[in-house]
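Letter by letter, the chains look like this.
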Amino acid sequence: MDNTGIRFSNTVHDTKELNILNYRNFYNGGGVAIGDINNDGLADVFFTANQGSNKLYLNKGNFKFEDISDKAGFRDKKQWSTGVVMADINNDGWLDIYVCNAGSMDNPSLRKNQLFINNHDLTFTESAAQYGLDDPGYTTQVSFFDYDLDGDLDCFIIDNSPISPNSLNYANQRDLPDADWPVAAVWKGGGDHLLRNDNGHFTEVTKQAGIHGSLISFGLGVTVGDVNNDGYPDVYVSNDYFERDYLYINQKNGTFKDELEQCMQHTSLASMGADFGDINNDGYTDIFTTDMLPGDDYRMKTTLSFEDINVYRLKQQNGFYHQYFQNTLQLNKKNGTFADVANYTGVSATDWSWGGLMFDADNDGLLDIYVCNGIYHDLINQDFLDFSANDIMEKMIATGKKEDLQVIIDKMPSIHVLNKLYQNKGNLSFKDAGVGWGITQPSFSNGAAYGDLDNDGDLDLVINNVNQPAFIYRNNSREVNHNSYIGVSLEGDEKNKYAVGGTIKIYRGAQVLTREVMPGRGFQSSMDYKVIIGLGNATKIDSMIIQWPDRSISKYFHPAINKVYKLKESEEKRYPPSPLQNAAVSNTVFDSVKTSFEKHTEDDYVEFFYERNIPRMHAREGPKAAVGDVDGDGLDDVFIGGTAGHPGQLYLQKKDGSFQKKEEKSIEQFIDFEDVAVLLFDCDKDG
């Protein structure tokens, strides 16, 4: 929308001191926060700027905003600001603004994060040091939430060091704290950090809580929510470059355990933004992460160079797990594990992507997916690397003179890319609806946030762009499709006024529409606290369940729709949490039992070395097996095929149902071969 009063552009210019060649996060852009900073019932908007002033716009109603940045205390600055979150840090019922800072490689004091305390008069006072929140690292984003359920908000910080990943040689020192790395001080300031709220002052508890604080954690996104429905918040960190992502599962005792490898089969490779949401309304949280895979053949061939099998194998050997160039949409299987359905649903390739948000854009009750795209100068463009950069290098060698910095940067392509908006059609099917829904302007977009800016019952969208005016999208879905909604604003207790961590569940027939009050989402951005839940063409709902941050529950049967409920924890009737809601889903058809079967050992044979054009390896499809009564005792026995160097194994079943391995010399003669098919049959017809 034009004529809103919002005139903001995150303008960045390369300089000799700081540029894309010596600071690789130079074009990562800024964030957006949406929240009601003056408690007038209208959501206001805050933008972070890398080289300019951060801006605060006061919502005047009817999609008109006033720039109050100067008088609010957000004037010219030297900090390189990145992420932003609105949270009530001092528990006075007014939203404060926490700004993350990075860049400033030669001045650590300018990297200190800032906390602007709300003075209740449209002004703010910077007070980060007073609260212990002035982290001096290269911070991308933070999230405030109550990880230990003691009632107050704690803080999770992701820092992203500017050290060259190539200089680390794929070293897996995941649990070596950033401060202990043998590198120059300018390269420190990375890793994840957990700060516990101790009566209003934040104390770092990273190591004792089980959080990786390593330099190799090039964190770009942090998302918090309850992924296993046990009532405790878990944390997902999306990491760029060679380090895998982290999924910290809350152990309910003040510690976390990174269980990603037990929960997921693979992740994105260069993970950017991340979000939690329930895409199929089954009551379980799913996870979306963005990466850099283009959706068309031309962009794919000109912007990417895929890892070869040697690099992939090296990363496997060094413990960096399975990572692939693609977005992932991890579907919660309700048993502590996830299945990536990004390719199946059509959302795996969106180009050089940053903020990824799951929200209901058309109020039909299904979460849609919005993705911010683009980078101002494409420094990994293959034509630039193969031709322009090579020509510049040859010229410098021939003349003995260094090329001017700006000449090199100007040779890098600068291509605007469309953002993506996928409509959830149900049954794990998404449609690229962006152009039809008004997402038509190519851009260099990074952070994005949603909120109901005009109080009409649908979610509007604000996007922060590099060297381009910010996008303000007014949502017209209520006028177009007349879908119903229900809105909820929660007020928590005295130490968590905005009920962060609270959950709203709407029961509608066989579906459960779940929304969690957790503002920090996507990439460097913060959503409005008022929750809007689309209901489609429903004229009524069965019930609404509120789980408050302390896990107590309030129940509302057949609440009226198309209105916003303002619910105060201290005034609502509450019940203890139901034991059933936290119970793990059990498999009632099969049970896993322990056996004496030995672990299969695959031989190290890589077909790509001999058949370069095959799309995948066929020699690692797992062991073949056959079942039959080998010894004629009426019990089925099992033969499991072998690989080169590890012959097949025969297991005879005993009367108690257990199996005992039987050594067979006749099998060992085939030790140099791989069994690709197994069949038990009566060859000599002796019965």
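Rules and cut-offs
- Residues numbered from 1 in each chain as written.
- Predicted model: local features only at pLDDT ≥ 70, side-chain atom pairs only at ≥ 80, totals over all residues.
- Heavy atoms only, no water.
- Helix = DSSP H or I, 4+ residues; strand = E, 2+ residues; numbered from the N terminus.
- Rg over C-alpha atoms; globule rule 2.2 N^0.38 Å.
- Buried < 20%, exposed > 50% of the residue type's maximum accessible area, 1.4 Å probe, protein only.
- Contact = heavy atoms within 4.5 Å.
- Areas by Shrake-Rupley, 256 points an atom, 1.4 Å probe, with all protein chains shown as cover.
- Lys, Arg positive; Asp, Glu negative; His and termini not counted.
- Charge placed at Lys NZ, Arg CZ, Asp CG, Glu CD.
- Salt bridge = Lys/Arg side-chain N within 4 Å of Asp/Glu carboxyl O.
- Pairing = 2+ DSSP bridges.
- Axes fitted to C-alpha atoms, helices over the stretch in contact; angles between N-to-C directions.
- Domains from an automatic or database assignment.
- Core = buried A, V, L, I, M, F, W, Y, C linked by side-chain atoms within 4.5 Å.
- Phe/Tyr/Trp six-rings, centres within 6.5 Å; stacked < 30°, edge-to-face > 60°.
- Lys NZ or Arg CZ within 6 Å of the ring centre and 35° of its normal.
- Polar contact = N/O pair within 3.5 Å; in protein donor to acceptor, adjacent residues only side chain to side chain.
- pLDDT = per-residue confidence, 0-100.
- Disulfide = S-S within 2.5 Å.
- Patch = residues over 30% accessible without salt bridge, like charges linked within 9 Å, V, L, I, M, F, W, Y side chains within 5 Å.

Regarding the overall build of the protein
Right, on to step 1. When you go through the protein residue by residue, the secondary structure sums to 10 helices and 42 strands.
Right, on to step 2. Here the protein has a C-alpha radius of gyration of 27 Å; the compact-globule value for 687 residues is 26 Å, and the two agree.
Right, on to step 3. Overall size of the protein, expressed as C-alpha extent along the three principal axes, is 95 × 80 × 50 Å.
Right, on to step 4. The buried share of the protein, reckoned over its 687 residues, is 56%.
Right, on to step 5. Contacts spanning at least 24 positions in sequence make up 60% of the contacts within the protein whose residues lie at least 6 apart.
Right, on to step 6. Carbon and sulfur atoms provide 50% of the accessible area of the protein, an area that totals close to 30000 Å².
Right, on to step 7. Treating the 61 positive side-chain charges of the protein as one cloud and the 102 negative ones as another, the clouds have centres 2 Å apart.

A look at the pattern of salt bridges
Right, on to step 1. For the coordinates displayed, the defined rule picks out 21 salt bridges.
Right, on to step 2. When the shortest N-O distance is used, the salt bridge between Arg 521 and Asp 275 registers 2.8 Å. Taken together, the residues span a long stretch of sequence, with Arg 521 in strand S33 (residues 520-521) and Asp 275 in strand S18 (residues 274-277) at a distance of 246 residues.
Right, on to step 3. The closest approach of N and O atoms between Lys 315 and Glu 307, which form a salt bridge, is 2.9 Å.
Right, on to step 4. Put simply, Lys 60, Glu 66 and Lys 71 are held in one network by salt bridges that share partners.

Here we look at the sheet that holds strand S19 (residues 286-289)
Right, on to step 1. Taken in spatial order, the 4 strands make up an open sheet running S18-S19-S21-S22, and their pairing is antiparallel. Because the sheet does not close on itself, it has two edges, and the strands there are S18 and strand S22 (338-340). Strand after strand, the sheet turns through a mean of 20 degrees between neighbouring axes, direction not considered.
Right, on to step 2. Pairing analysis gives 3 bridges linking strand S21 (residues 328-332) to S22, with the strands arranged antiparallel. When the sheet's bridge partners are listed, Leu 331 is paired in S22 with Ala 339.

With respect to the sheet that holds strand S36 (residues 543-547)
Right, on to step 1. In space, the 4 strands of this open sheet follow the order S32-S31-S36-S37, with antiparallel pairing throughout. In this open sheet, the two edge strands, each paired with only one partner strand, are strand S32 (511-516) and strand S37 (553-557). This sheet shows a mean twist of 15 degrees between the axes of neighbouring strands, independent of strand direction.
Right, on to step 2. With 6 bridges joining them, strand S31 (residues 503-508) and S32 adopt antiparallel strand pairing. Bridge assignment links Arg 508 to a residue of S32, and that residue is Gln 511.

Here's the deal with the domain arrangement of the protein
Right, on to step 1. Splitting the protein by domain gives domain 1 (104-113 + 131-378 + 414-478), domain 2 (479-575) and domain 3 (593-686).
Right, on to step 2. For domain 2 versus domain 3, the separation of C-alpha centres amounts to 54 Å.

Here we look at the nonpolar core
In a soluble, globular protein the nonpolar side chains are often hidden away together inside.
Right, on to step 1. Counting 71 residues, the largest nonpolar core has Ile 97, Leu 133, Phe 144, Phe 156 and Ile 504 as its most contacted members.
Right, on to step 2. If sequence neighbours within four positions are ignored, Phe 156 has contacts with Gln 141, Val 142, Ser 143, Phe 145, Asp 192, His 193, Leu 194, Ile 211, Val 222, Val 235, Val 237 and Tyr 248.
Right, on to step 3. By size, the runner-up hydrophobic cluster in this structure holds 64 residues, among which are Ile 34, Leu 293, Ile 392 and Ala 470.

Quick look at unusual backbone geometry
Right, on to step 1. The phi dihedral of Ser 104 is positive, around 40 degrees, even though this residue is not glycine.
Right, on to step 2. Along the chain, Ser 104 turns up in the loop between strand S6 (96-102) and strand S7 (114-118).
Right, on to step 3. For Ser 104, a relative accessible area of 8% translates into the label buried.
Right, on to step 4. Positive phi is not limited to glycine here, since Leu 149 has a value of about 50 degrees.
Right, on to step 5. With respect to the helices and strands, the residue Leu 149 is situated in the loop between strand S9 (139-145) and strand S10 (154-159).

Some words on the pairing of S32
Right, on to step 1. Of all 6 residues that make up S32, 5 are buried, and the element is covered over most of its length.
Right, on to step 2. Hairpin connection, S31 to S32: the antiparallel pair is bridged by 2 residues, and Gly 509 has positive phi, about 65 degrees.

Some remarks on the packing of aromatic side chains
Right, on to step 1. Scanning the model with the defined rule gives 29 aromatic pairs in all.
Right, on to step 2. When the centroid spacing of 6.4 Å and the interplanar angle of 80 degrees are considered together, the rings of Phe 218 and Phe 242 count as edge-to-face. Taken as a pair, Phe 218 in strand S13 (residues 218-225) and Phe 242 in the loop between strand S14 (234-240) and strand S15 (246-250) lie far apart in primary sequence, 24 residues in all.
Right, on to step 3. By relative accessible area, Phe 218 is classed as buried at 0%.
Right, on to step 4. By relative accessible area, Phe 242 is classed as buried at 4%.
Right, on to step 5. Ring centres of Phe 359 and Tyr 450 lie 5.0 Å apart, and the angle between their planes is 15 degrees; this geometry places the pair in the stacked category. Of the two residues, Phe 359 is situated in strand S23 (residues 353-359) and Tyr 450 in strand S27 (residues 445-451); the sequence distance between them amounts to 91 residues. Per residue, the accessibility class of Phe 359 equals that of Tyr 450, and both read buried.
Right, on to step 6. By the ring-pair criterion, three or more aromatic residues cluster together here, those being Tyr 23, Phe 26, Tyr 27, Trp 80, Tyr 376 and Phe 444.
Right, on to step 7. The ring centre of Tyr 138 lies 4.1 Å from the NZ or CZ of Arg 111, which sits over that ring.

Here we look at the side chain of Asn 327
Right, on to step 1. Here Asn 327 lies in the loop between strand S20 (323-324) and S21.
Right, on to step 2. Residue classification places Asn 327 among the buried positions, given a relative accessible area of 0%.
Right, on to step 3. Within the structure, the side chain of Asn 327 is placed 2.7 Å from the backbone nitrogen of Asp 291, a separation counted as a polar contact.
Right, on to step 4. A distance of 3.1 Å separates the side chain of Asn 327 from the backbone oxygen of Val 347, its partner in a polar contact.
Right, on to step 5. Those residues within four positions of Asn 327 in sequence are excluded, and the remaining contacts are Ser 268, Phe 288, Thr 289, Thr 290, Asp 291, Asp 340, Ala 342, Val 347, Ser 348, Ala 349 and Thr 350.

Notes on the environment of Gln 316
Right, on to step 1. Counting through the fold element by element, Gln 316 comes out in helix H5 (residues 309-317).
Right, on to step 2. Since its relative accessible area comes to 26%, Gln 316 is described here as partly exposed.
Right, on to step 3. Sequence separation of Gln 316 and Leu 195 is 121 residues, and the distance between their C-alpha atoms is 32 Å.
Right, on to step 4. Residue contacts for Gln 316: discarding those within four places in its chain leaves Tyr 321 and His 322.

Concerning the confidence of the model for the protein
Do not read the predicted coordinates in detail wherever pLDDT is low.
Right, on to step 1. With 97% of its residues at a pLDDT of 70 or more, the protein has an overall mean of 92.
Right, on to step 2. The low-confidence segment residues 580-584, where pLDDT is below 50, has 8 contacts with residues more than four positions distant or belonging to other chains.

Some words on the state of the cysteines
Right, on to step 1. Here the structure, examined in full by the defined rule, presents 0 disulfides.
Right, on to step 2. With no disulfide of its own, Cys 155 lies closest to Cys 100 among cysteine sulfurs, the gap being 8.0 Å.
Right, on to step 3. Its relative accessible area of 0% is what places Cys 155 among the buried residues.
Right, on to step 4. The thiol of Cys 372 is unpaired, and the distance to the nearest cysteine sulfur, on Cys 100, comes to 17 Å.
Right, on to step 5. Its relative accessible area of 0% is what places Cys 372 among the buried residues.

Digging into a nonpolar patch on the surface
Right, on to step 1. Side chains of Tyr 605, Phe 609 and Tyr 610 sit close together on the surface and give an oily, nonpolar patch of about 340 Å² of accessible area.
Right, on to step 2. Turning to its location among the elements, Tyr 605 is positioned in the loop between strand S38 (564-568) and strand S39 (625-628).
Right, on to step 3. By relative accessible area, Tyr 605 is classed as partly exposed at 36%.

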